[in-house]
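# Observations on the model geometry
Here's the letter readout for the chains.
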Amino acid sequence: MANLREIKRRIRSVRNTSQITKAMQMVASAKMHRAQDQALRGRAYLGNLAHVLACLQCVIDLDDRPLMQKREKGRDLVIVVNTDRGLCGALNSNLFRMIREKVPANASFITLGRKLNSQFAKYGMDLMATWSLSENAKPLEMKPVSDFIRERFATGEFRSVQVAYSSFVNVMVQRPAIRSLLPISREELSEVAAQGNSAVDSCAADTPYILEPSPEALLDSILPLYMFAVFSQTIAEAGASEQSARMVSMKTATENANDLISGLTLDYNKARQTQITNELLEITTAMRAME
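What you are looking at is a predicted structure, and each value in this text was computed from that prediction instead of being measured. (Residues numbered from 1 in each chain as written. Predicted model: local features only at pLDDT ≥ 70, side-chain atom pairs only at ≥ 80, totals over all residues. Heavy atoms only, no water.)

### Digging into helix H2 (residues 91–102)
Put simply, the rule is: Helix and strand assignments come from DSSP, with helices taken as H or I runs of at least 4 residues and strands as E runs of at least 2, each series counted from the N terminus. Expected helix span is taken as 1.5 Å per residue step, with the number of steps being one fewer than the number of residues. Partly exposed describes any residue whose relative accessible area lies between the buried limit of under 20% and the exposed limit of over 50%, with all areas from a 1.4 Å probe on protein chains only and scaled to the type maximum. The directions considered for the arc are those from the helix axis to the C-beta atoms. Any two residues having at least one pair of non-hydrogen atoms within 4.5 Å are treated as being in contact.
Here H2 is 12 residues long and its end C-alpha atoms lie 17 Å apart, about the 16 Å a rise of 1.5 Å per residue gives. The set of residues buried in H2 consists of Leu91, Asn92, Leu95, Phe96, Met98 and Ile99. Seen from one end, H2 has its buried residues packed into an arc of 160°, which puts them on one side. Residues of H2 that are buried make contact with strand E1 (75–81), strand E2 (108–112), helix H3 (117–122), strand E4 (158–168), strand E5 (174–182) and helix H6 (215–290).

So this is what it looks like as structure tokens:
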């Protein structure tokens, strides 16, 4: 009887867990659709912005701009966009493994999300600062981080700035990636513009564009905007990847819990059948003993 009670208690416990993981799966699914739409819209905006900058390089030299100057001195900074919460499969561990393989050991790090902070401390990596951004973070929430990075790069403290994040491919696939943030290169502008289906080749010095107040002033205002757009896009991609990974992880957990419930129910039925059989044998034995 004690065995039956134990199995029944385990079935109840696993069923409660299944209900929780199912609810988390539905919540993550709703958040994933919003994050996915935001990431896809951001790609188009970023492509058009890169197209404008690629056209400006036809009428002005971009290499002397502070955000596009390549430096030989200074530290390498890597911004790691991870999660504040777990239950998203191997998303964070895959990202950290890529960082260990591809980022120089003497690089400095800033984390957006707290989940990987313990790993940086474990391996003695230089963690300068950490921020926590809310889900679907607004531009005003991300701007202090972006301004901090841009100002430190402008003063020459950093030689390069990169972003390590989980790139969103589809619901089932999220790939860890590293993207250059600063300095902004001509090659990157052409590549991003091409990904946004913008015909950069059509830009020429004699294109009849009217630029006001001047190409230099326009460039000085668009370059920080482009840097912030790239930074925001990586956060949007990481958010979509997080919700997708959590939805898939909770779906798998729910299916495993249901399989476990089926196995426990079968064990319960077998144990119950064995108990009934034993009781019938005891009754039959007692009746024969009374004859």
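There's plenty left to go through after this.
### Some words on the packing of aromatic side chains
Applicable threshold: Ring pairs are drawn from Phe, Tyr and Trp, using the six-membered ring of Trp, whenever the two centres fall within 6.5 Å, and their geometry is named by plane angle: stacked under 30 degrees, edge-to-face over 60, tilted for the rest.
Counting across every chain of the model gives 4 aromatic pairs. On the numbers, 5.7 Å between centres and 40° between planes, the contact of Phe96 with Tyr123 is tilted. In this pair, Phe96 is assigned in helix H2 and Tyr123 in the loop between H3 and strand E3 (126–131), connecting sequence segments 27 residues apart. Taking the relative accessible area as the measure of exposure, Tyr123 reaches 39% and is therefore partly exposed.

### Concerning the layout of surface pockets
Heads up, the rule is: Grid points spaced at 1 Å and placed over the protein atoms alone form the basis of the search, with a cavity being a set where a 1.4 Å probe fits but cannot get out and a pocket an open set showing protein on both sides within 12 Å along at least five of seven lines. Lining residues have an atom within 4 Å of a point. Grid points are joined across faces, edges and corners, and a volume is the space filled by probe spheres set on the points.
Of the voids in this model, the largest pocket is the one considered here, and its volume is about 730 Å³. What lines the largest pocket is a set of 37 residues, among which Ser134, Asn136, Ala137, Ile235 and Ala236 lie closest to the centre. Contributions of two or more residues to the lining of the largest pocket are made by helix H1 (2–56), H2, helix H4 (139–154) and H6. Of the residues forming the lining of the largest pocket, the biggest block, 12 residues, is contributed by H6.

### Things to note about the sheet that holds E2
Let me state the cut-off plainly: Between any two strands, pairing holds if DSSP finds at least two bridges. Each axis is a line fitted through C-alpha atoms, taken for helices only over the stretch in contact, and angles between the N-to-C directions span 0 to 180 degrees.
Reading across the sheet, the 5 strands line up as E3-E2-E1-E4-E5 and stay open at both edges, with mixed pairing between neighbours. Two strands close off the open sheet at either side, each with one partner strand: E3 and E5. Adjacent strand axes in the sheet meet at a mean angle of 20°, parallel and antiparallel pairs treated alike. Here H2 sits on the sheet and contacts E1, E2, E4 and E5; the angle it forms with E5, its principal contact strand, is near 50°. Its contacts with the sheet put H6 on E1, E2, E4 and E5, and the angle it makes with E4 is roughly 30°.

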